[in-house]
Every structure is written in structure tokens, then in C-alpha cells.
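Examining the three-dimensional arrangement
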Amino acid sequence: MITGKGNYGSQTMASVNNIFIQDCSDSGNPQIASDIGTVIKNESIVNAAVGVTENSDNGKLPDIVAETTRTGQEVEMEETYLSIAVQVFIPFLIAGFGMVFAGLVLDRIQHWPVFEEITELVILIPALLGLKGNLEMTLASRLSTQANLGHMDTARQKFSIIVGNLTLIQCQAIVVGFLGAVVAVVMGGIKSNDVELDHAYLLCASSLVTVSIASFVLGLITAGVIVLSRYVHINPDNVATPIAASLGDITSLTLLSLVSTVLYESIGTQDWLAPVIIAGYILAIPMWVWIAKKNLATRDVLYHGWTPVVGAMLISSMGGLILDFMVSRFEGIAVFQPVINGVGGNLVAVQASRISTALHKQAQLGFLQSENEDEEAVIFISPVNSFCGKGVHSRTTRVLMAMVLPGHIIFIYTIDYMKDGDTSLSTWFVFVYLLAATMQVATLLYVAYIMIHWMWKKKIDPDNSAIPYLTSFGDLLGISLLAIAFQFLYLISDHDARPGSNLR
């Protein structure tokens with residue numbers, strides 16, 4: 001009797017399994033049928049290995065079948081043009097208005113005594129603003145990938161990953177902020193053939209305080225946005241990077257202007273203040289390194305994540321040198337610098353974050369897998385395929401490019417309105433500005449695809465390396481194209497760009 005019951009259960013299980021697999025194949029789901037068949041086969045092998053007999057099932061189907069059925073039938077919803085546009089455009093607008101206010105702040109503080117006396121501060125500005133790409137946007141991309149892979153679903157996982165990353169970016173911010181100030185001092189010294197020690201101390205201390213506070217605040221906001229995005233079922237890749245940048249520029253500029261003014265007024269009365277600040281931050285580096293090293297989520301980035309942020313800082317500093325030269329020639333250029341650089345950086349960061357997440361889902365680091373299984377994965381593609389292809393990344397590229405013109409039009413006319421008649425945007429200026437902005441974003445999106453896939457093939461995690469290079473290159477490209485635009489307008493005698501004008 002016992003033997004008969006066992007045979008009945010075994011036969012029933014085999015019969016139902018075969019029927020279910022056949023139904024899956026007939027319904028157009030051969031992959032599900034194959035996966036379930038593999039699971040059933042593997043379970044039989046495991047049962048035989050551990051000595052489980054067919055009598056032990058008591059005629060019941062194994063729980064793994066029901067679980068596999070449910071998992072196999074889950075189909076990931078493909079994002080449409082509309083869903084991507086809606087999720088990206090709202091944070092994009094919020095970030096854009098943040099950059100508009102940053103431009104207005106920069107336009108005002110460039111006339112403060114500390115900025116007119118210590119011109120190296122202008123060289124330092126793009127490097128500090130670029131830190132949102134070097135650190136906060138990279139943090140957003142890294143956490144978005146972890147969230148999409150299901151590594152931040154429990155409270156313990158969230159706490160460990162977020163705390164580790166906040167300590168990591170604090171360490172990176174201090175080091176990169178100090179190096180950025182040193183580069184600004186060197187560039188300023190080359191330009192003026194003179195370096196004043198008090199000014200060098202002020203630059204370093206101002207940079208350290210600015211990057212430390214800004215990185216901590218923006219890191220908390222970024223982590224909160226990603227956790228909330230997962231909670232409301234929104235792809236964090238679409239919203240985290242723009243939100244990370246929305247307050248980045250305005251926060252960094254405000255902190256830099258206030259801290260540098262306080263230190264400037266202390267020269268001659270409290271000369272010890274700036275050196276003490278510098279010493280305090282340098283002595284704190286070992287503590288942040290120790291905490292980040294203990295965290296498994298950040299240990300690898302701590303060892304291997306320095307080249308992108310330092311390289312990006314040097315690229316942004318080159319843009320700062322161009323800005324310092326152009327501000328003295330075209331006064332009105334300063335107000336548009338954070339906008340054109342910020343928009344390009346935000347859009348390419350969204351694309352970079354999405355591509356990085358897709359690669360993490362598709363294959364192991366170092367192995368490329370094409371979106372279409374019938375095609376061979378390639379690193380270098382033509383611009384036509386990049387913008388007009390049928391793949392998901394080409395679709396995202398078209399959505400992001402569609403935001404450039406309306407976004408910039410909104411932002412530059414907001415600047416015109418906020419300056420209350422101090423500017424007058426001519427037709428020539430709007431046309432040339434929009435052309436420069438479109439060229440910048442198109443170049444960045446094309447370079448992003450190639451760079452990220454090349455990094456992946458070389459076993460370099462793009463979540464840690466791509467965005468710093470892309471945003472810093474965007475800063476350099478943006479200020480260069482903006483300078484060319486202003487020079488072109490001056491050559492055709494457009495009064496909006498004459499030297500020393502305020503776009504009037």
C-alpha cells in the first residue's frame with residue numbers, strides 16, 4: 001500500500017509537470033517551460049543525492065514548482081517614451097531651476113570684493129560645481145543600481161550601503177576639494193606670476209568646508225530620493241541624478257561665497273583660522289577612510305575609485321581657467337555657465353545611470369550582451385545608430401534630446417525675467433545659445449554610450465567611473481561652446497555679447 005501511494009504521487013507529479021510545461025510551450029512561453037523543466041530536473045538530482053525517496057512527497061507537488069511558476073510569469077514592464085519622459089522631465093525642471101538660481105548667484109557674487117581680489121576663486125568654481133558629477137551623481141548612479149538589483153530592500157541593507165557611501169564621498173570630497181584648490185592656486189600663479197600665501201590658505205579652507213558640507217547634505221538627499229523612488233515604484237535611474245544636482249550648484253556657490261567672505265575678512269586679524277580648518281579636515285581623512293574600508297559596499301570604490309574623480313576635477317579646472325578669462329571679457333557669460341553645464345550634466349547622467357544598470361542586469365562585468373540577441377554587442381556605434389536605433393538606449397537618447405530645447409528656453413527666459421530687465425535676449429543670442437546647448441548634449445550622449453560600454457568591457461564599473469568623466473567633459477565642452485557663442489555674437493556686432501556688457 002505504501003509503495004502504491006508513493007508511485008501514485010510520483011506519477012501524478014510527473015504528469016502534472018509535463019502538462020504544465022507543455023502548456024507553457026503551447027502558450028508561447030518556451031523559455032518559462034525550459035526554466036521550469038530545468039528546476040524540476042535539478043530537484044530530482046538533489047533529492048537523489050541527499051537520499052530523499054519518492055515516498056517522502058506523499059503525492060504532493062514540490063513547493064518550488066509553484067514558486068517558479070510565479071517567478072517565471074513575472075514580466076518586467078518595458079518603459080515607454082511617455083513613462084521615461086514624465087519621470088525624467090519633472091526632476092529635470094527642478095534641477096534646471098536650481099541651476100538658474102545658481103547662475104543668478106554667480107552673476108552677483110562675481111562682483112564681491114573677495115572674488116575680485118582673489119580671482120582664483122573663479123577658477124575653483126567649475127571644479128566645485130563639478131563635484132556633484134564626481135561624487136553626488138556617481139553616488140546616485142551607484143545606489144540606483146543597487147536598488148534596482150534588489151540590494152536595498154531591507155532596512156539593514158539600506159543602512160549599511162547608505163552609511164558606507166556617505167563616509168566614502170566625505171573622504172573623496174575632502175581630498176578632491178583640497179586638490180582642486182591647489183590646482184586653482186597653481187593656475188592663478190601661472191597667470192599672475194605671483195602666489196600669496198594668505199590667498200592660498202583661503203582657497204583651500206573655503207574649498208574644504210564647501211565640499212564637505214555640500215557632499216554630506218546632498219548625499220543624504222540623494223539616498224532619500226532613491227529609497228522613496230523604490231517605495232513608489234519609480235525607476236531611480238530616471239530621477240535620482242537630476243535631483244542630486246538640483247541643489248548642488250546653488251548649495252556649493254552659496255557656501256563658497258559665504259565661507260570665503262568670512263575668511264577674507266579674517267585676514268590680518270585671525271590669520272590662524274584658515275590653516276586650522278585645513279589641518280582639521282586633513283586629520284579627519286584617516287577616520288573616514290577607516291569607516292569606508294570596513295564597509296563591504298564601499299571598500300572596492302575606496303581602493304579603485306580615485307582616478308575618475310581626480311581626473312574629472314582636473315578637466316573641470318581647465319574649464320574654470322576658460323571661465324576666468326571669459327568673465328573678464330564678457331560679463332554676461334557667468335549667469336549662463338551653471339545652466340548650460342548643469343543641463344548637459346544632468347541629462348548625460350540619467351543616460352549613464354540607465355546604461356550602467358542595464359549592463360549590470362544583462363551580464364557579468366567584462367562581458368557585453370546585446371539588447372537584441374540576434375545582434376552582436378558592439379562598443380563603437382555610429383551617431384545614426386545612437387540617435388535613430390531601435391534599442392532602449394537609443395529611445396532614451398531621443399527622449400533626452402527632446403528635452404534640451406524646451407528646457408533651455410524655459411531656463412534662459414526665467415533668467416531674463418529674474419534679472420528684471422537687466423538682460424535683453426536677442427534672436428541671434430537665443431539661436432546661437434540653443435545651438436551650442438544642443439551640440440553639447442548630443443556629443444555627451446553619444447560619448448556616454450561608447451565610454452560606458454568600453455569601461456564595462458575593460459571590467460571597470462561605470463557606476464563608479466563614467467559620470468565623473470562625462471560631467472567634467474560636459475563642463476569643459478559647455479563653457480567652451482558658450483565662449484565661442486559669445487565671441488561669435490561679438491564678431492557679428494550683436495550688442496548682447498560685447499565685451500564688458502551685461503547682455504543688454
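For the structure itself, consult the block above.
Scope of this entry: the structure provided in the associated data block. (Residues numbered from 1 in each chain as written. Predicted model: local features only at pLDDT ≥ 70, side-chain atom pairs only at ≥ 80, totals over all residues. Heavy atoms only, no water.)

Time to look at the overall build of the protein chain. Helix and strand counts for the protein chain come out as 20 helices and zero strands. Looking at the protein chain as a whole, 51% of its 504 residues are labelled buried. Pairs at least 24 residues apart make up 83% of the contacts formed inside the protein chain by residues separated by at least 6 positions. Accessible surface computed for the protein chain: about 23200 Å², of which carbon and sulfur atoms make up 64%. (Helix = DSSP H or I, 4+ residues; strand = E, 2+ residues; numbered from the N terminus. Buried < 20%, exposed > 50% of the residue type's maximum accessible area, 1.4 Å probe, protein only. Contact = heavy atoms within 4.5 Å. Areas by Shrake-Rupley, 256 points an atom, 1.4 Å probe, with all protein chains shown as cover.)

Now for the environment of Val404. If you trace the backbone, Val404 turns up in helix α18 (residues 404-418). Separated by 61 residues in the primary sequence, Val404 and Val343 place their C-alpha atoms 7.9 Å from one another. When near neighbours in sequence (up to four residues on either side) are disregarded, Val404 contacts Leu347, Ala437, Thr438 and Val441.

Negative charge collects at one region of the surface, where Glu117, Asp194, Glu196, Asp198 and Asp271 lie side by side. The class for Asp194 is partly exposed, based on a relative accessible area of 44%. (Patch = residues over 30% accessible without salt bridge, like charges linked within 9 Å, V, L, I, M, F, W, Y side chains within 5 Å. Salt bridge = Lys/Arg side-chain N within 4 Å of Asp/Glu carboxyl O. Lys, Arg positive; Asp, Glu negative; His and termini not counted. Charge placed at Lys NZ, Arg CZ, Asp CG, Glu CD.)

Running from N to C, α18 and helix α19 (residues 427-457) point in directions that differ by 135 degrees, and their axes come no closer than 10 Å. Relative to α19, the element α18 lies oblique. Crossing hand, α18 versus α19: right-handed. Facing Val404, Leu405, His408, Ile409, Ile412 and Tyr413 of α18, the residues of α19 in contact are Val430, Tyr433, Leu434, Ala437, Thr438 and Val441. Here the residues of the contact of α18 with α19 are counted per class, giving 10 nonpolar, two polar and no charged. (Axes fitted to C-alpha atoms, helices over the stretch in contact; angles between N-to-C directions. Parallel < 35°, antiparallel > 145°, perpendicular 65-115°, else oblique. Left-handed = near helix turned anticlockwise from the far one by under 90°. Nonpolar A, V, L, I, M, F, W, Y, C, P; charged D, E, K, R; others polar.)

Here we take up unusual backbone geometry. Positive phi, close to 60 degrees, is recorded for His233, a residue that is not glycine. Within the element layout of this structure, His233 appears in the loop between α9 (197-231) and α10 (236-246). Within the chain, Lys459 stands out as a residue other than glycine whose phi angle is a positive 65 degrees. Looking at the secondary structure, you find Lys459 in the loop between α19 and α20 (462-491). Under the relative-accessibility criterion, Lys459 is labelled exposed at 57%.

Attention now moves to the packing of aromatic side chains. Under the counting rule described, the total for this entry stands at nine aromatic pairs. When the centroid spacing of 6.0 Å and the interplanar angle of 35 degrees are considered together, the rings of Phe89 and Phe92 count as tilted. Of this pair, Phe89 and Phe92 both sit in helix α4 (residues 81-109), three residues apart, which is roughly one turn of the helix. With relative accessibility at 27%, the residue Phe89 sits in the partly exposed group. Its relative accessible area of 1% is what places Phe92 among the buried residues. Arranged with centres 5.8 Å apart and planes meeting at 55 degrees, the rings of Phe92 and Phe411 form a pair that is tilted. Of the two residues, Phe92 sits in helix α4 while Phe411 sits in helix α18, which places them 319 residues apart along the sequence. Side by side, Phe92 and Phe411 carry an identical accessibility label, which is buried. (Phe/Tyr/Trp six-rings, centres within 6.5 Å; stacked < 30°, edge-to-face > 60°.)

The subject of this paragraph is the pattern of salt bridges. All told, the structure shown has one salt bridge when counted by the stated rule. In this structure, the salt-bridge partner of Asp153 is Arg230, at a minimum N-O distance of 3.5 Å. Of the two residues, Asp153 sits in the loop between α7 (131-148) and α8 (155-192) while Arg230 sits in helix α9, which places them 77 residues apart along the sequence. Residue class for Asp153 comes out partly exposed when judged on its relative accessible area of 47%. Note on Arg230: relative accessible area 35%, which makes it partly exposed.

Counting residues in each nonpolar core, the largest one holds 108 residues, and the members touching the most others are Leu121, Ile333, Phe336, Leu347, Tyr433 and Leu482. At 14 residues, α19 tops the list of elements feeding residues into this core. Not counting residues within four places of it along the chain, the set of residues in contact with Leu347 comprises Phe92, Leu400, Met403, Val404, Val441 and Leu445. Formed by 12 residues, the second largest nonpolar core is a distinct cluster that contains Leu139, Ile162, Leu166 and Ile226. (Core = buried A, V, L, I, M, F, W, Y, C linked by side-chain atoms within 4.5 Å.)

The interhelical angle for the contact between α8 and helix α14 (residues 306-329), taken along N-to-C directions, is 35 degrees, at an axis separation of 10 Å. Here α8 and α14 pass one another in a crossing that is right-handed. For the pair formed by α8 and α14, the contact residues are Cys171, Gln172, Val175, Val176, Leu179, Gly180, Val183, Met187 and Lys191 on the first element and Trp306, Val309, Val310, Met313, Leu314, Ser317, Met318, Leu321 and Asp324 on the second. Grouping the amino acids of the contact of α8 with α14 by side-chain chemistry returns 13 nonpolar, three polar and two charged.

On to helix α12 (residues 273-294), then. When the terminal C-alpha atoms of α12 are compared, their 33 Å separation across 22 residues agrees well with the 32 Å that a helix rising 1.5 Å per residue should span. Within the sequence span of α12, burial applies to Ala274, Ile278, Tyr281, Ile285 and Ala292. Each element contacted by the buried residues of α12 is listed here: α8, α9, α11 (248-266) and α13 (299-304). (Expected span 1.5 Å × (residues − 1).)

Here we come to a nonpolar patch on the surface. Residues Trp428, Phe431, Leu435, Met439, Phe488, Tyr490, Leu491 and Ile492 make up a contiguous nonpolar surface patch of about 800 Å² in total accessible area. Here Tyr490 is to be found in helix α20.

This brings us to the environment of Gln146. Tracing the chain through its elements places Gln146 in helix α7. Gln146 sits in the partly exposed class, given a relative accessible area of 25%. A C-alpha to C-alpha distance of 9.6 Å links Gln146 and His360, two positions 214 residues apart in sequence. Leave out the neighbours within four places in its chain, and Gln146 touches His151, Met152 and Ile161.

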